[in-house]
Structures are given as structure tokens and as C-alpha cells.
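Next come the chains, spelled out residue by residue.
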Amino acid sequence: MNADRVLEDLRELAGLTGGPDGARRVCWTDEWTKAREFLRSRLAELPVEVTVDAAGNLWAHMDGDGEGFVIVGSHVDSVPAGGWLDGALGVFTAVEALRTQAENGSPPVGLRLVDWADEEGARFGRSLFGSSACAGTLDPDEVRDLRDRDGERLEDVLARYDVELDRARESGAQLSGARAYLEMHIEQGPVLESKGEPAATVLGTCGVERHLAVFTGQTAHAGATPMALRRDTFMATSQAALAIREIGFEHDGVCTVGGATSEPGVVTAVPGRTEMLLDQRHLDPGKLEAMLDGARAACQQAAADHGCEVELQHLWSIPPIPFDDRLIGFAREAVKGAGGKDTAIPSGPLHDAAEMARLIPTVMIFSSSSPPVSHTKEEDTPEADLRVAIEAYGGTVAATLASAAAGELPPHQ
Ligand SMILES: [Zn+2]
């Protein structure tokens, strides 16, 4: 792998579709089209066939000696004022993987690059559009009437990009013959930076449990109601939130109270109703369940201690999606070989790779994020860390192609 070429491509893309406020490659906009044109210009230098599927995903196929192919890629779309690396790093590292193979003749099995459409969901609020269509988990009726800020419907906007929503799942045909999916991404968080490590293998994407905890007590006069006679939902919520924080530590997962709203919300009243937003994530399904049970118990205890009642309303959940053990092994070796340590971490954020992992063996590699933030123009990664991650990705691609050529990783039907 030639990391210089990847960095050059990324800087050129940032110059074309970025500015003082950051990247602006929002899917289904002219800037996104410009990013895709730049990607096409790079692919035009390679012996590949470029197509766009029924969900708007762009594919570039390079023939190999053996049966089937390995998929490499990520997404070029971004949030409205995003960073230069989120998604783009994975796509242009995948381009470099194709270049490397082309320079050495032809790959042992085929290699197919994908640029997923609308990973971010920045315009309509639905993430992983293209990859979920490809994996068959997208329900057209759930997204058809989503509207952007200007009131435009998703279905109408997609039609302008030649994507017919009811046919989007035909994208799944692209997976026929796929033997593995490999994606590189920035971590978007502080774990690798805090360990001083440039890159790591990703074990899978965390399962998520989202709930709304509704505490009900009694609204009462702030002056007339003695402390011992209150049924204060804000205090019950506070006690529950602090206990939930400990549950996150106890299970080595993450628990977030994203916000709480009290009624009536005036300075002269004990709040009689408080709603608390709760998000919990873990890679281990048993631990995720234990964290949810713990949060439920903590809410009930806190409600009882303050003379209140509580109800947990389910908002959304997704199970943990583990990546493939064999590919995790290849990635760990490749990260070590590229100068990193043998570190493997779960991904808190969801990625297109989670959709692919439902159907075909999948693994991801993270580069560090430093500062450890994303979806902002401050997003960055030290160049030395990017070089390690790019090299590690190349090693993982090579090991996966060799494994497929040796008859492992059977083609997806
Ligand atoms: Zn991303």
C-alpha cells in the first residue's frame, strides 16, 4: 500500500468538497455528486467496471483469478459540517487496495469496491440507507415519507438520483459471490488516543437499547411542601441517573442519560413528572441485557425511594453484531505487522459493516481519532497513525484474498 497516494486523494477531496466549516458531502446533494465524480476519476485509472446499483451505491469490480470477490469500501458522504476522514478514509484506502492489486497483476479472487449511499442519513435522518437496502433490512415504507428541512420527501429526492425506492433492495444482487467485507474507518472516539495506539481491529458493533423512563410523582408547591412529604420526580430521576452511570462502569459498557425534562418546570413547583432518555450499548448480548435489567431496577428503586412511579418505554434497539473470527484474526496480525499493537475493541457507533456482517464475513479496522471527535471540522488523525491503519488494511485485504483463494470464506449465494 502506498499511503502517500491515499493522503493525496483525501486532501484533494477535502479541497473540492470542504471549506472553513468542514466537509459538506451530504448525500443526495451536488457536493456529494462532486465527491463521487472525484472518486470516479480515480477509479478511471484502474482496470475496473464501475456501476451504480438500485440503491445508489457505487461499485467498482476488478476481476480476479478465482471465484467470487472480496468487498472493500466505506462511504464518501458526510454530515453537513463534517470532518475530512469520516467515510472518505475507508473509500480511498479501498481505492489504494485496488491500485496495489492492479500493479501486481490481478488479485487471486475478485476485488469489489463499494461507496455506500447515504451512510450518514444527514438529510433525512435515516442512517445506513444504501447498505441496509443491500442487506435487505430497509423497509421502503418506513422511509418513504421522511422529509428534509425544506419539506422534500425522501422518495422524490431519490428519484432525482435515479433511485426508485421500491426497487432499492435489488442492490442485494451485488452480494452474490461476495466472500468477505472489509472496511476501514476512523474510531470517532477517544479509546485509541487514550492508549496511545495508532490503529486497532474492531470486534463488532455494539447492541443498543434505547428507552424513555417516565417518572410520575406529585406536582406540589415549593414553599408549602416539606422535604419529607414530597414525591419529587426530578430527585428520583437524578438518583436513577447516577446509579445507571455505575452500571456502565460495572459491565464495561456505555450508559448515557441523554437528557431529562421535568414538568411543570418552574422554580416554584416540585416536579410531578420527569422523562429521562436512556441509551445503553454493549458488544456482549448478555451484558447488554444485564445493563438494561440493572437500569430498570435502578429506576424502580429510585422511584420507590421518592414515593414515585416509573415506566420504561422502549424507543429502539438493535442486537450486537459481531464480526467474523477468522477475519478478526487477519486484522489483528495486520495491525501488528503495520506497527500497531494487538488491540481489538468494539464499535459504539453503527457502520455499514454492521449491515454486511448480517450476511457475509466482515471485519473493520479503526485508525485513532485525535482530537477524539467526529462529525465536526475538528475531526483529525495524526498522519503517522493514518499510515499504520492504511498499511494494516492492506495486510488484511491481502490475507483475506489469500484465504478466499485457498477455498475458505465461501462465496455468498
Ligand atoms: Zn462514517
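Residues numbered from 1 in each chain as written. Predicted model: local features only at pLDDT ≥ 70, side-chain atom pairs only at ≥ 80, totals over all residues. Heavy atoms only, no water.

What follows is about the overall build of the protein. Helix and strand counts for the protein come out as 12 helices and 15 strands. Whereas a compact globule of 413 residues would reach a radius of gyration of roughly 22 Å, the protein reaches 24 Å, a difference of no more than 12%. For the protein, the spread of C-alpha atoms along the principal axes amounts to about 85 × 45 × 45 Å. Here the protein holds 413 residues, and 53% of them are scored as buried. Long-range contacts, defined here as pairs at least 24 residues apart, represent 78% of the contacts in the protein between residues at least 6 apart. Counting only carbon and sulfur atoms, one obtains 50% of the accessible surface of the protein, whose full area is about 17000 Å². A gap of 1 Å separates the mean positions of the 36 positive and 66 negative side-chain charges of the protein. (Helix = DSSP H or I, 4+ residues; strand = E, 2+ residues; numbered from the N terminus. Rg over C-alpha atoms; globule rule 2.2 N^0.38 Å. Buried < 20%, exposed > 50% of the residue type's maximum accessible area, 1.4 Å probe, protein only. Contact = heavy atoms within 4.5 Å. Areas by Shrake-Rupley, 256 points an atom, 1.4 Å probe, with all protein chains shown as cover. Lys, Arg positive; Asp, Glu negative; His and termini not counted. Charge placed at Lys NZ, Arg CZ, Asp CG, Glu CD.)

Running from N to C, helix α10 (residues 325-337) and helix α12 (residues 383-405) point in directions that differ by 140 degrees, and their axes come no closer than 8 Å. The orientation of α10 relative to α12 falls into the category oblique. Seen from above, α10 lies across α12 with right-handed handedness. Contacts from Arg326, Leu327, Phe330, Ala331, Ala334 and Val335 of α10 reach α12 at Ala392, Gly395, Thr396, Ala399, Thr400 and Ser403. Each residue belonging to the contact of α10 with α12 can be placed in one class, and the counts come to 7 nonpolar, 4 polar and 1 charged. (Axes fitted to C-alpha atoms, helices over the stretch in contact; angles between N-to-C directions. Parallel < 35°, antiparallel > 145°, perpendicular 65-115°, else oblique. Left-handed = near helix turned anticlockwise from the far one by under 90°. Nonpolar A, V, L, I, M, F, W, Y, C, P; charged D, E, K, R; others polar.)

Now for the coordination of the zinc ion. Any two of four tetrahedral donors ideally make an angle of 109.5 degrees at the metal, while pairs among six octahedral donors ideally make 90 or 180 degrees. Ligation of the zinc ion by protein atoms is provided by His75 (NE2), Asp86 (OD) and His185 (NE2), these donors lying 2.0 to 2.2 Å from the ion. Between consecutive donor residues of the zinc ion, the sequence gaps follow H-x10-D-x98-H. A residue pair is termed long-range when its members are at least 10 positions apart, and Asp86 in the loop between β3 (69-74) and α3 (88-103) and His185 in strand β5 (residues 178-186) qualify at 99 residues. Summarising the burial analysis for this pair, Asp86 and His185 share the class buried. (Donors = N, O, S within 2.8 Å, 3.2 Å for Na, K, Ca; no water.)

Counting residues in each nonpolar core, the largest one holds 94 residues, and the members touching the most others are Trp28, Leu43, Ile71, Phe92 and Leu113. The element that contributes the greatest number of residues to this core is α12, accounting for 9 residues. Apart from the residues lying within four places of it in its own chain, the contact partners of Ile71 are Trp59, Arg112, Val114, Leu175, Ala178, Ala180, Tyr181, Leu182 and Ile360. Within the second largest apolar cluster, 17 residues are counted, among which are Leu278, Ala298, Ala302 and Ala303. (Core = buried A, V, L, I, M, F, W, Y, C linked by side-chain atoms within 4.5 Å.)

Under the definition given, this model contains 34 salt bridges. Between Arg296 and Asp293 there is a salt bridge whose closest N-O contact spans 3.8 Å. Of this pair, Arg296 and Asp293 both sit in helix α9 (residues 285-305), 3 residues apart, which is roughly one turn of that helix. Note on Asp293: relative accessible area 42%, which makes it partly exposed. A salt bridge links Glu355 to Arg358, with the nearest nitrogen and oxygen atoms 2.9 Å apart. One network of salt bridges, in which partners are shared, links Arg5, Asp9, Glu12, Arg42, Glu45, Glu96, Arg99 and Glu103. (Salt bridge = Lys/Arg side-chain N within 4 Å of Asp/Glu carboxyl O.)

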